[in-house]
Amino acid sequence: RKAGYAIVGLGRYAELIMSKFAECDQSRLVALVSGTPEKLARFGEKYGVPESHRYSYADFDRIRDNPDVDIVYVILPNAMHAEYTVRAARAGKHVMCEKPMAVSVAECRTMIAACRAAGRKLMIGYRSRFEPHNRLAIDLAKKGFVGQTRIITADHGFNAQPNQWRLDRKLSGGGSLMDIGIYSLNATRYLTGEEPVEVSAIESTDRSDPRFRTVEDRISFLLRFPSGIEATCVSSYSSNHNMYRVSGTDGWIELEPATSYEGQKMWVRRNGRTEEQQVPAGKGQHAGQLDHFAECIANGTDPLVPGEEGLADMRVIEAIYRSALEGRRISLA
Ligand code: NAD
(Lines give C-alpha, C1' and ligand atoms only; values in the text may rest on other atoms or scores of the structure.)
Protein backbone atom coordinates (compact mmCIF):
# COMPACT_ATOMS: atom_id res chain seq x y z
CA ARG A 1 0.00 0.00 0.00
CA LYS A 2 1.23 3.50 -0.88
CA ALA A 3 1.65 5.94 2.02
CA GLY A 4 -1.22 8.46 2.17
CA TYR A 5 -0.30 12.13 2.50
CA ALA A 6 -2.49 14.97 3.77
CA ILE A 7 -1.30 18.41 2.60
CA VAL A 8 -1.84 21.26 5.09
CA GLY A 9 -1.87 24.74 3.52
CA LEU A 10 -2.72 24.97 -0.16
CA GLY A 11 -0.39 27.77 -1.28
CA ARG A 12 2.15 28.02 -4.08
CA TYR A 13 4.59 25.36 -2.91
CA ALA A 14 1.81 22.97 -1.93
CA GLU A 15 0.50 23.29 -5.49
CA LEU A 16 3.86 22.13 -6.83
CA ILE A 17 4.06 19.26 -4.34
CA MET A 18 0.55 18.05 -5.18
CA SER A 19 1.54 17.80 -8.84
CA LYS A 20 4.51 15.57 -7.94
CA PHE A 21 2.54 12.61 -6.55
CA ALA A 22 2.10 11.55 -10.18
CA GLU A 23 5.85 10.74 -10.21
CA CYS A 24 5.76 8.79 -6.93
CA ASP A 25 5.77 4.98 -6.63
CA GLN A 26 5.19 4.78 -2.89
CA SER A 27 3.16 7.85 -1.99
CA ARG A 28 -0.26 9.19 -2.83
CA LEU A 29 -2.26 12.30 -2.02
CA VAL A 30 -5.28 11.37 0.10
CA ALA A 31 -6.38 14.46 2.07
CA LEU A 32 -6.34 18.28 1.99
CA VAL A 33 -6.41 20.89 4.75
CA SER A 34 -7.16 24.56 4.02
CA GLY A 35 -9.02 27.57 5.37
CA THR A 36 -10.42 28.31 1.91
CA PRO A 37 -13.40 26.11 0.85
CA GLU A 38 -12.87 27.10 -2.79
CA LYS A 39 -9.31 25.69 -2.77
CA LEU A 40 -10.47 22.48 -1.06
CA ALA A 41 -13.07 22.01 -3.81
CA ARG A 42 -10.73 22.95 -6.67
CA PHE A 43 -7.76 20.80 -5.64
CA GLY A 44 -10.03 18.06 -4.29
CA GLU A 45 -11.61 17.70 -7.72
CA LYS A 46 -8.31 17.99 -9.56
CA TYR A 47 -6.62 15.25 -7.51
CA GLY A 48 -9.62 13.04 -6.72
CA VAL A 49 -9.67 13.81 -2.98
CA PRO A 50 -13.27 13.15 -1.80
CA GLU A 51 -15.17 15.62 0.40
CA SER A 52 -14.82 13.27 3.38
CA HIS A 53 -11.03 13.81 3.16
CA ARG A 54 -11.10 17.63 2.99
CA TYR A 55 -10.54 19.51 6.26
CA SER A 56 -10.56 23.09 7.52
CA TYR A 57 -7.97 24.24 10.10
CA ALA A 58 -10.72 24.13 12.75
CA ASP A 59 -11.55 20.46 12.15
CA PHE A 60 -8.00 19.40 11.29
CA ASP A 61 -7.74 17.26 14.46
CA ARG A 62 -10.45 14.94 13.08
CA ILE A 63 -7.74 13.66 10.73
CA ARG A 64 -6.97 11.25 13.59
CA ASP A 65 -10.02 9.23 12.53
CA ASN A 66 -8.93 8.94 8.90
CA PRO A 67 -6.94 5.70 8.44
CA ASP A 68 -6.03 6.64 4.85
CA VAL A 69 -3.77 9.42 6.16
CA ASP A 70 -0.32 8.20 7.22
CA ILE A 71 1.62 11.45 6.83
CA VAL A 72 0.68 15.10 7.36
CA TYR A 73 2.78 17.44 5.19
CA VAL A 74 2.88 20.97 6.70
CA ILE A 75 3.33 23.64 4.00
CA LEU A 76 2.18 26.71 5.96
CA PRO A 77 3.91 30.01 6.83
CA ASN A 78 6.92 29.27 9.06
CA ALA A 79 5.39 30.46 12.34
CA MET A 80 2.57 27.90 11.93
CA HIS A 81 4.85 24.86 11.43
CA ALA A 82 5.21 24.04 15.12
CA GLU A 83 1.51 24.14 15.93
CA TYR A 84 0.46 21.93 13.00
CA THR A 85 3.33 19.48 13.50
CA VAL A 86 2.37 19.01 17.16
CA ARG A 87 -1.35 18.65 16.31
CA ALA A 88 -0.56 16.12 13.57
CA ALA A 89 1.64 14.05 15.90
CA ARG A 90 -1.09 14.11 18.56
CA ALA A 91 -3.50 12.88 15.90
CA GLY A 92 -1.19 9.89 15.48
CA LYS A 93 0.27 10.88 12.11
CA HIS A 94 3.86 11.02 10.85
CA VAL A 95 4.92 14.55 9.88
CA MET A 96 6.77 16.05 6.94
CA CYS A 97 7.37 19.73 7.69
CA GLU A 98 8.66 22.39 5.31
CA LYS A 99 11.86 24.37 5.88
CA PRO A 100 12.62 26.35 7.94
CA MET A 101 11.44 23.78 10.48
CA ALA A 102 10.05 26.53 12.75
CA VAL A 103 10.98 30.02 13.92
CA SER A 104 13.12 29.12 16.98
CA VAL A 105 15.23 26.38 18.48
CA ALA A 106 12.68 26.07 21.29
CA GLU A 107 9.87 25.35 18.80
CA CYS A 108 12.03 22.76 16.99
CA ARG A 109 12.63 20.96 20.29
CA THR A 110 8.89 20.95 21.06
CA MET A 111 8.14 19.45 17.64
CA ILE A 112 10.75 16.70 18.02
CA ALA A 113 9.47 15.88 21.51
CA ALA A 114 5.83 15.76 20.34
CA CYS A 115 6.63 13.34 17.51
CA ARG A 116 8.76 11.20 19.79
CA ALA A 117 6.03 11.07 22.47
CA ALA A 118 3.51 10.01 19.83
CA GLY A 119 5.90 7.41 18.39
CA ARG A 120 5.75 9.12 15.00
CA LYS A 121 8.48 10.11 12.53
CA LEU A 122 9.37 13.69 11.63
CA MET A 123 11.12 14.77 8.44
CA ILE A 124 12.01 18.24 7.14
CA GLY A 125 11.47 19.22 3.49
CA TYR A 126 15.16 19.54 2.58
CA ARG A 127 14.50 18.41 -0.99
CA SER A 128 18.08 19.09 -2.24
CA ARG A 129 19.21 15.95 -0.44
CA PHE A 130 17.21 14.00 -3.03
CA GLU A 131 18.52 15.95 -6.04
CA PRO A 132 21.14 14.04 -8.07
CA HIS A 133 23.67 16.90 -8.61
CA ASN A 134 23.67 17.70 -4.91
CA ARG A 135 24.01 14.02 -4.04
CA LEU A 136 26.99 13.70 -6.36
CA ALA A 137 28.59 16.86 -4.91
CA ILE A 138 28.24 15.44 -1.37
CA ASP A 139 29.74 12.15 -2.51
CA LEU A 140 32.68 13.78 -4.33
CA ALA A 141 33.41 16.15 -1.44
CA LYS A 142 33.35 13.23 1.02
CA LYS A 143 35.66 11.14 -1.20
CA GLY A 144 38.17 14.00 -1.51
CA PHE A 145 37.75 14.14 -5.30
CA VAL A 146 39.12 17.72 -5.32
CA GLY A 147 41.39 17.10 -2.35
CA GLN A 148 40.69 18.16 1.17
CA THR A 149 37.84 20.70 1.40
CA ARG A 150 39.13 24.08 2.62
CA ILE A 151 36.53 26.71 1.66
CA ILE A 152 32.86 26.58 0.75
CA THR A 153 31.10 29.57 -0.76
CA ALA A 154 27.31 29.39 -0.86
CA ASP A 155 25.07 32.19 -2.12
CA HIS A 156 21.26 32.24 -2.16
CA GLY A 157 18.90 35.12 -2.77
CA PHE A 158 16.10 36.64 -4.83
CA ASN A 159 14.37 39.98 -5.10
CA ALA A 160 11.41 39.65 -2.72
CA GLN A 161 7.97 40.73 -3.94
CA PRO A 162 6.15 43.11 -1.56
CA ASN A 163 2.99 42.29 0.45
CA GLN A 164 3.47 38.67 1.43
CA TRP A 165 3.72 36.77 4.74
CA ARG A 166 7.48 36.26 4.18
CA LEU A 167 7.96 39.97 4.98
CA ASP A 168 5.89 39.83 8.18
CA ARG A 169 8.09 38.65 11.02
CA LYS A 170 5.12 37.32 13.02
CA LEU A 171 4.52 34.74 10.28
CA SER A 172 8.03 34.24 8.88
CA GLY A 173 10.21 34.50 11.98
CA GLY A 174 12.79 36.45 9.97
CA GLY A 175 13.78 37.57 6.49
CA SER A 176 16.00 36.19 3.75
CA LEU A 177 17.94 33.91 6.12
CA MET A 178 14.86 31.94 7.23
CA ASP A 179 13.58 31.61 3.69
CA ILE A 180 16.46 31.36 1.21
CA GLY A 181 19.74 31.86 3.08
CA ILE A 182 18.93 28.61 4.87
CA TYR A 183 19.86 26.83 1.61
CA SER A 184 23.39 28.27 1.87
CA LEU A 185 23.65 27.18 5.48
CA ASN A 186 22.17 23.73 4.96
CA ALA A 187 24.50 23.10 1.99
CA THR A 188 27.60 23.89 4.07
CA ARG A 189 26.43 21.33 6.63
CA TYR A 190 25.66 18.56 4.13
CA LEU A 191 28.79 19.19 2.08
CA THR A 192 31.07 19.01 5.13
CA GLY A 193 29.13 16.56 7.28
CA GLU A 194 30.20 18.80 10.18
CA GLU A 195 28.52 21.27 12.55
CA PRO A 196 29.89 24.82 12.63
CA VAL A 197 31.70 25.84 15.81
CA GLU A 198 31.84 29.59 15.20
CA VAL A 199 29.68 32.11 13.36
CA SER A 200 30.08 35.75 12.40
CA ALA A 201 27.60 37.78 10.40
CA ILE A 202 26.81 41.23 9.04
CA GLU A 203 23.35 42.43 8.08
CA SER A 204 22.47 45.17 5.57
CA THR A 205 18.83 46.19 5.44
CA ASP A 206 17.33 49.39 4.10
CA ARG A 207 14.61 49.94 6.69
CA SER A 208 13.02 52.68 4.54
CA ASP A 209 12.15 49.98 1.95
CA PRO A 210 8.54 49.04 2.85
CA ARG A 211 9.38 45.34 2.31
CA PHE A 212 11.89 45.37 5.14
CA ARG A 213 10.02 46.97 8.04
CA THR A 214 10.16 43.82 10.18
CA VAL A 215 12.58 41.41 8.45
CA GLU A 216 16.16 41.57 7.18
CA ASP A 217 17.21 41.90 3.54
CA ARG A 218 20.86 40.83 3.26
CA ILE A 219 22.77 38.90 5.87
CA SER A 220 26.21 37.50 5.04
CA PHE A 221 27.82 34.99 7.34
CA LEU A 222 31.07 33.13 7.92
CA LEU A 223 31.15 29.68 9.48
CA ARG A 224 34.13 27.87 10.95
CA PHE A 225 33.99 24.04 11.06
CA PRO A 226 35.92 21.72 13.40
CA SER A 227 38.18 20.30 10.65
CA GLY A 228 39.30 23.82 9.70
CA ILE A 229 36.89 24.29 6.78
CA GLU A 230 35.53 27.81 6.43
CA ALA A 231 32.29 28.73 4.71
CA THR A 232 31.37 32.16 3.41
CA CYS A 233 27.68 32.56 2.71
CA VAL A 234 25.27 35.08 1.22
CA SER A 235 21.58 35.41 2.02
CA SER A 236 19.63 38.12 0.20
CA TYR A 237 16.10 39.39 -0.44
CA SER A 238 17.26 42.00 -2.98
CA SER A 239 19.63 40.19 -5.36
CA ASN A 240 19.69 36.92 -7.27
CA HIS A 241 21.95 34.04 -6.26
CA ASN A 242 21.71 30.27 -6.31
CA MET A 243 25.12 28.58 -6.20
CA TYR A 244 27.76 26.91 -4.13
CA ARG A 245 31.38 25.99 -4.65
CA VAL A 246 33.43 23.52 -2.66
CA SER A 247 37.11 24.47 -2.97
CA GLY A 248 39.64 21.83 -2.03
CA THR A 249 43.39 21.48 -2.05
CA ASP A 250 43.30 20.10 -5.62
CA GLY A 251 40.38 21.85 -7.33
CA TRP A 252 36.71 22.71 -6.89
CA ILE A 253 33.14 21.51 -7.39
CA GLU A 254 30.54 24.09 -8.35
CA LEU A 255 26.76 23.93 -8.75
CA GLU A 256 24.82 26.78 -10.38
CA PRO A 257 21.93 26.76 -10.01
CA ALA A 258 22.47 24.58 -6.98
CA THR A 259 19.12 24.27 -5.17
CA SER A 260 16.50 25.35 -7.70
CA TYR A 261 13.46 23.15 -8.47
CA GLU A 262 15.17 22.00 -11.68
CA GLY A 263 17.96 22.82 -14.13
CA GLN A 264 20.98 22.18 -11.87
CA LYS A 265 24.38 22.45 -13.55
CA MET A 266 27.64 21.21 -12.15
CA TRP A 267 31.31 21.83 -12.95
CA VAL A 268 34.41 20.22 -11.54
CA ARG A 269 37.93 21.66 -11.75
CA ARG A 270 40.67 19.12 -11.23
CA ASN A 271 44.21 18.69 -12.57
CA GLY A 272 44.05 22.19 -14.08
CA ARG A 273 40.95 21.40 -16.22
CA THR A 274 37.35 22.50 -15.73
CA GLU A 275 34.64 20.16 -16.98
CA GLU A 276 30.88 20.24 -16.83
CA GLN A 277 29.52 17.06 -15.24
CA GLN A 278 26.56 15.38 -16.91
CA VAL A 279 24.48 13.96 -14.08
CA PRO A 280 21.74 11.42 -14.90
CA ALA A 281 18.32 12.94 -14.15
CA GLY A 282 17.02 10.05 -12.04
CA LYS A 283 13.85 10.47 -10.00
CA GLY A 284 12.96 14.12 -9.39
CA GLN A 285 13.91 15.59 -6.00
CA HIS A 286 10.28 16.19 -4.95
CA ALA A 287 9.08 12.66 -5.69
CA GLY A 288 12.34 11.38 -4.20
CA GLN A 289 11.65 13.24 -0.96
CA LEU A 290 8.01 12.07 -0.74
CA ASP A 291 8.85 8.43 -1.48
CA HIS A 292 11.86 8.41 0.87
CA PHE A 293 9.64 9.25 3.85
CA ALA A 294 7.05 6.67 2.74
CA GLU A 295 9.84 4.06 2.64
CA CYS A 296 11.09 5.05 6.11
CA ILE A 297 7.60 4.49 7.49
CA ALA A 298 7.13 1.19 5.68
CA ASN A 299 10.56 -0.10 6.81
CA GLY A 300 10.75 1.50 10.25
CA THR A 301 13.95 3.40 9.34
CA ASP A 302 15.00 6.97 10.15
CA PRO A 303 14.63 9.68 7.51
CA LEU A 304 17.77 11.17 5.95
CA VAL A 305 16.66 14.63 7.13
CA PRO A 306 14.85 14.23 10.47
CA GLY A 307 13.71 17.01 12.80
CA GLU A 308 17.22 17.10 14.28
CA GLU A 309 18.48 18.48 10.93
CA GLY A 310 15.99 21.33 11.06
CA LEU A 311 16.98 21.99 14.66
CA ALA A 312 20.70 22.04 13.77
CA ASP A 313 20.06 24.71 11.11
CA MET A 314 17.89 26.73 13.49
CA ARG A 315 20.61 26.70 16.12
CA VAL A 316 23.05 28.26 13.63
CA ILE A 317 20.39 30.69 12.35
CA GLU A 318 19.85 32.00 15.88
CA ALA A 319 23.63 32.44 16.25
CA ILE A 320 23.86 34.26 12.90
CA TYR A 321 21.15 36.73 13.97
CA ARG A 322 22.84 37.23 17.31
CA SER A 323 26.24 37.82 15.72
CA ALA A 324 24.82 40.44 13.34
CA LEU A 325 22.92 42.15 16.15
CA GLU A 326 25.77 42.19 18.68
CA GLY A 327 28.55 42.78 16.13
CA ARG A 328 30.73 39.94 17.37
CA ARG A 329 31.66 36.33 16.71
CA ILE A 330 29.44 33.70 18.34
CA SER A 331 30.83 30.37 19.50
CA LEU A 332 28.70 27.27 18.88
CA ALA A 333 31.17 24.78 20.27
P1 NAD B 1 2.24 30.60 0.14
O2 NAD B 1 1.97 31.97 0.66
O3 NAD B 1 2.14 30.37 -1.33
O4 NAD B 1 1.30 29.55 0.86
C5 NAD B 1 1.03 29.59 2.24
C6 NAD B 1 -0.33 28.96 2.49
O7 NAD B 1 -0.64 29.07 3.88
C8 NAD B 1 -1.46 29.68 1.73
O9 NAD B 1 -2.29 28.73 1.13
C10 NAD B 1 -2.21 30.41 2.82
O11 NAD B 1 -3.59 30.53 2.53
C12 NAD B 1 -1.97 29.52 4.01
N13 NAD B 1 -2.15 30.22 5.29
C14 NAD B 1 -2.80 29.74 6.35
N15 NAD B 1 -2.80 30.61 7.35
C16 NAD B 1 -2.14 31.71 6.92
C17 NAD B 1 -1.83 32.95 7.51
N18 NAD B 1 -2.18 33.24 8.78
N19 NAD B 1 -1.14 33.84 6.78
C20 NAD B 1 -0.75 33.55 5.52
N21 NAD B 1 -1.02 32.37 4.92
C22 NAD B 1 -1.72 31.46 5.61
O23 NAD B 1 3.69 30.20 0.68
P24 NAD B 1 4.62 29.03 0.14
O25 NAD B 1 5.63 29.60 -0.77
O26 NAD B 1 3.80 27.91 -0.34
O27 NAD B 1 5.40 28.62 1.50
C28 NAD B 1 4.82 27.76 2.48
C29 NAD B 1 5.94 27.04 3.22
O30 NAD B 1 6.68 26.24 2.31
C31 NAD B 1 6.96 27.95 3.89
O32 NAD B 1 7.39 27.41 5.10
C33 NAD B 1 8.12 27.97 2.91
O34 NAD B 1 9.38 28.21 3.52
C35 NAD B 1 8.05 26.58 2.34
N36 NAD B 1 8.58 26.48 0.97
C37 NAD B 1 9.50 25.53 0.70
C38 NAD B 1 10.01 25.42 -0.57
C39 NAD B 1 11.01 24.34 -0.89
O40 NAD B 1 11.55 24.35 -1.99
N41 NAD B 1 11.25 23.41 0.00
C42 NAD B 1 9.60 26.29 -1.57
C43 NAD B 1 8.64 27.25 -1.27
C44 NAD B 1 8.14 27.34 0.01
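Residues numbered from 1 in each chain as written. Predicted model: local features only at pLDDT ≥ 70, side-chain atom pairs only at ≥ 80, totals over all residues. Heavy atoms only, no water.

A. Examining the site of the ligand more closely. The environment of the ligand is made up of 23 residues, and the closest members are Arg12, Asn78, Arg127, Trp165 and Arg166. A distance of 2.7 Å is found between an oxygen atom of the ligand and a side-chain nitrogen or oxygen belonging to asparagine 78. Between arginine 127 and the ligand, the recorded distance is 2.6 Å, taken from a side-chain N or O atom to an oxygen atom. When the free accessible area of the ligand is taken as 830 Å², the share hidden by the protein chains comes to 79%. Looking at the shell around the ligand, the elements with two or more residues in it are helix 1 (12–20) and helix 7 (176–192). Along the lines of polarity and charge, the residues of the shell around the ligand split into 12 nonpolar, four polar and seven charged. (Near = heavy atom within 4 Å. Polar contact = N/O pair within 3.5 Å; in protein donor to acceptor, adjacent residues only side chain to side chain. Areas by Shrake-Rupley, 256 points an atom, 1.4 Å probe, with all protein chains shown as cover. Helix = DSSP H or I, 4+ residues; strand = E, 2+ residues; numbered from the N terminus. Nonpolar A, V, L, I, M, F, W, Y, C, P; charged D, E, K, R; others polar.)

B. Structural view of the sheet that holds strand 1 (residues 3–8). Spatially, 3-2-1-4-5-6 is the arrangement adopted by the six strands of the open sheet, whose pairing is parallel. Here the strands that pair on one side only, and so sit at the sheet edges, are strand 3 (54–55) and strand 6 (122–124). Sheet analysis places strand 5 (residues 94–97) next to strand 6, joined by three bridges and oriented parallel. Within strand 6, the position partnered with methionine 96 by the bridge is methionine 123. Strands in contact with helix 1 are strand 1, strand 2 (27–33) and strand 4 (71–74); relative to strand 1, the strand with the most contacts, it is inclined by about 160 degrees. (Pairing = 2+ DSSP bridges. Contact = heavy atoms within 4.5 Å. Axes fitted to C-alpha atoms, helices over the stretch in contact; angles between N-to-C directions.)

C. Examining the domain arrangement of the chain more closely. We note that the domain assignment places domain 1 (3–124) and domain 2 (128–281 + 314–331) within the chain. Contacts between the two partners involve 14 residues from domain 1, matched on the other side by 14 residues from domain 2. Note on domain 1 versus domain 2: buried area summed over both sides is about 1,100 Å², and carbon and sulfur give 70% of it. Interface area lost by domain 1 to domain 2 is led by Asn78, Lys99 and Val105, which between them contribute 37%. Where aspartate 179 meets lysine 99, a salt bridge forms, and the shortest distance between an N and an O atom there is 3.6 Å. Linking domain 1 with domain 2 are five residue pairs in polar contact (both at pLDDT 80 or more), by the criterion used here. Of all the elements in the fold, those that place two or more residues in the side of domain 1 that touches domain 2 are helix 1 and helix 4 (105–118). (Domains from an automatic or database assignment. Buried area = accessible area lost by both parts, 1.4 Å probe. Salt bridge = Lys/Arg side-chain N within 4 Å of Asp/Glu carboxyl O.)

D. View of unusual backbone geometry. Note that the residue after lysine 99, namely proline 100, is joined by a cis bond; omega there is -15 degrees. Across the junction of glutamate 256 and proline 257, the peptide omega takes the value -5 degrees, indicating a cis bond. At asparagine 163, a residue that is not glycine, the phi angle is positive and equals roughly 55 degrees. Of note in the backbone geometry, asparagine 271 takes a positive phi value of approximately 50 degrees without being a glycine. Following the sequence through the fold, asparagine 271 ends up in the loop between strand 13 (266–270) and strand 14 (273–276).

E. The arrangement of the packing of aromatic side chains in detail. With the rule as written, the count across this model stands at seven aromatic pairs. Where phenylalanine 158 meets tyrosine 237, the ring centres are 5.4 Å apart and the plane angle is 65 degrees; that geometry is what we call edge-to-face. Separated by 79 residues along the polypeptide, phenylalanine 158 in the loop between strand 7 (149–157) and helix 6 (169–172) and tyrosine 237 in the loop between strand 10 (230–236) and strand 11 (241–248) bring together distant segments of the chain. The exposure class of phenylalanine 158 is partly exposed, given its relative accessible area of 27%. Through a chain of ring-to-ring contacts, the aromatic side chains of Tyr5, Phe21 and Tyr73 assemble into a single cluster. When the ring centre of phenylalanine 43 is taken as origin, the NZ or CZ atom of arginine 42, which lies over that ring, is 4.7 Å away. (Phe/Tyr/Trp six-rings, centres within 6.5 Å; stacked < 30°, edge-to-face > 60°. Buried < 20%, exposed > 50% of the residue type's maximum accessible area, 1.4 Å probe, protein only. Lys NZ or Arg CZ within 6 Å of the ring centre and 35° of its normal.)

F. Inspection of the nonpolar core at higher detail. Of all hydrophobic cores here, the largest spans 105 residues; its most connected members are Ile7 and Tyr244. Sort the elements by how many residues they give to this core and helix 7 lands first, with nine residues. Each residue touching tyrosine 244, except ones within four places of it in the same chain, is listed here: Asn134, Ala137, Thr153, Ala154, Ala187, Tyr190, Leu191, Ile253, Glu254, Leu255 and Ala258. (Core = buried A, V, L, I, M, F, W, Y, C linked by side-chain atoms within 4.5 Å.)

G. Main features of the packing of helix 1 against helix 8 (residues 285–299). Their axes nearest at 9 Å, the elements helix 1 and helix 8 cross at an angle of 75 degrees. On the basis of the axis angle, helix 1 is roughly perpendicular to helix 8. Residue-level inspection shows Tyr13, Leu16, Ile17 and Lys20 of helix 1 in contact with helix 8, the latter providing His286, Ala287 and Leu290. Of the residues assigned to the contact of helix 1 with helix 8, the class counts are five nonpolar, one polar and one charged. (Parallel < 35°, antiparallel > 145°, perpendicular 65-115°, else oblique.)

H. Structural detail: the pairing of strand 2. Most of strand 2 sits out of view: six of its seven residues are buried. For strand 1 and strand 2, the ladder comprises six bridges, and the chain directions are parallel. Within the sheet, the bridge partner assigned to valine 8 lies in strand 2 and is valine 33.

I. How the structure looks around the pattern of salt bridges. Under the counting rule described, the total for this entry stands at 26 salt bridges. Between glutamate 38 and arginine 42 there is a salt bridge; the shortest N-O distance is 2.7 Å. Of this pair, glutamate 38 and arginine 42 both sit in helix 2 (residues 37–47), separated by four residues, roughly a single helical turn. Among the residues examined, glutamate 38 registers a relative accessible area of 45% and is labelled partly exposed. When the shortest N-O distance is used, the salt bridge between arginine 224 and glutamate 198 registers 3.3 Å. Of this pair, arginine 224 sits in strand 9 (residues 218–224) while glutamate 198 sits in strand 8 (residues 198–204), placing them 26 residues apart in sequence. Take arginine 224: its relative accessible area is 36%, and that puts it in the partly exposed class. By relative accessible area, glutamate 198 is classed as partly exposed at 21%.

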